[in-house]
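This is what each chain is made of:
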Amino acid sequence: QESLPSLAEIKAAIPKECFEKDLVKSIAYLIWDVILMVILYKVEPVFELAGYPGMIFWYFLVGMIGSSIFVVGHDCGHTTFSNYQWINDIFGHLTHGALFAPYWPWQKTHRAHHTFTSHLTKDLGHPWITKAKYDTYNEADKFFSYSVFTAAFRWLAYLIIGLPDGCHFYPGSVIFSNFKERIQCAISGIVCVAWATAAYYYFGTFPLWVKFYVIPVLSHGFWLIMITYLQHKTDDIQVYEDGTWGYVRGQLQTIDRPYGFGIDELLHHITDGHVAHHFFFTGIPHYNLMKATAAIQQKLEPFGVYRKEKSYDFLWKFAAITNRLQYLIGEGTGLLTFAKEK
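An account of the accompanying structure is given in this report.

The rules we used
Residues numbered from 1 in each chain as written. Predicted model: local features only at pLDDT ≥ 70, side-chain atom pairs only at ≥ 80, totals over all residues. Heavy atoms only, no water. Disulfide = S-S within 2.5 Å. Buried < 20%, exposed > 50% of the residue type's maximum accessible area, 1.4 Å probe, protein only. Pairing = 2+ DSSP bridges. Helix = DSSP H or I, 4+ residues; strand = E, 2+ residues; numbered from the N terminus. Phe/Tyr/Trp six-rings, centres within 6.5 Å; stacked < 30°, edge-to-face > 60°. Lys NZ or Arg CZ within 6 Å of the ring centre and 35° of its normal.

**A look at the state of the cysteines**
Covalent bonding between the sulfur atoms of two cysteines defines a disulfide.
Part 1: Taken as a whole and assessed by the stated rule, the structure comprises zero disulfides.
Part 2: Residue Cys18 stays outside any disulfide, its sulfur separated by 20 Å from that of Cys76, the closest cysteine.
Part 3: Given the relative accessible area of 0%, Cys18 is considered buried.
Part 4: Take Cys192: it sits in no disulfide, and the sulfur closest to it among the cysteines is that of Cys185, at 9.6 Å.
Part 5: Taking relative accessible area as the criterion, Cys192 reaches 0% and is therefore assigned buried.

**Details of the sheet that holds strand β3 (residues 335-338)**
Part 1: If you trace the three strands from one edge of the open sheet to the other, you get β1-β3-β2, paired in antiparallel fashion. Two strands in the sheet have a free side with no partner beyond their single neighbour: β1 (238-240) and β2 (328-329).
Part 2: As paired elements, β1 and β3 share three bridges and run antiparallel to each other. From the neighbouring strand, Val239 faces β3, where its bridge partner is Leu336.

**Examining the pairing of β3**
Part 1: Side chains of β3 alternate between two faces, with Leu336 and Phe338 buried and Leu335 and Thr337 left unburied.
Part 2: Across two bridges, β2 lies against β3 in antiparallel orientation. Bridge pairing in β3 links Leu328 to Phe338.
Part 3: Taken together, β2 and the strand that follows it, β3, pair antiparallel across an intervening segment of five residues, in which Gly330 is found at a positive phi of about 105°.

**With respect to the packing of aromatic side chains**
Part 1: Applying the stated criterion across every chain, the model contains 33 aromatic pairs.
Part 2: Considering the side-chain rings of Tyr41 and Trp58, the 5.1 Å spacing of their centres and the 80° angle between planes classify their relative orientation as edge-to-face. Of this pair, Tyr41 sits in helix α2 (residues 23-42) while Trp58 sits in helix α4 (residues 51-77); the two residues are 17 residues apart in sequence, bridging distant segments of the chain.
Part 3: For the ring pair Tyr202 and Phe203, a centre distance of 5.1 Å and an interplane angle of 80° mean the geometry is edge-to-face.
Part 4: Grouping aromatic residues by their ring pairs yields a cluster made of Tyr41, Trp58, Tyr59, Tyr202, Phe203 and Phe212.
Part 5: It is Lys131 that lies over the ring of Tyr327; its NZ or CZ is 5.6 Å from the centre.
Part 6: Lying across the ring of Tyr229, Lys233 places its NZ or CZ 4.4 Å from the centre.

Written out as structure tokens, the structure is:
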């Protein structure tokens, strides 16, 4: 830890304008994302002409743009959408609710993920599985936890069932510690249900609701799981315990992954600008991430601790790493690494 630059030194290397929030710009990006989503729904019949392969690709694109909308809403939760908390909360509920993600509860657990990145027990929203925990899994547990085919369902399982941090929809969940948080949970949950209900009445029938709302929400979940997984897992990632964890050390276990093909731009650089985002998650809006990333890269590379992996084969990487990196070894030593048995 002592040989690493301090948080203040890293921040000093970043141009000050990267920390400026622009409400008009934030809304403009959101409008752009919504326009793209509307276009995808308008041209959906064209994809249907190609049968199941066409629809799978359509859902793939819809999930990606849904994730783009989520990234803008995610800025709301980090207070980088605007300088006004009430505006952040309104737009955060609009964007998250549409994707069936309760805004305030997820804001709390996601804040813990950023605050304690790569801490074995305090890094919420991103479970670190130890060998001892893995050994309790049966084959069904392993399939659900490590199969690419279940990724679309794991996001909703996290939010609704509460695996592993607690239910984000239930005010009595272990996530919440006071009355205000429980009221916020109820409000955010009602917003999600309102969006889902509105979608049902808009599409008119249950099959169309599933086709045009439920499956797109699941597709967004797939993208979110994949993005998050690739941001924080690679063969030499380190996970720490009390006594060895530190903020800078933890954030350095984050990886910038360019996906290419224009995807990074569409996803507002949450893929290839994630190191900067993690260090200063309450300070840098998504549209300033790449300028901040260039500065952070220049600052960290002399220390040999900046992580960046080109991931144009992101789908293959997700599948391969999920299969290969399943549990951590070294619990109790202060430093855990992935067992690589496959």
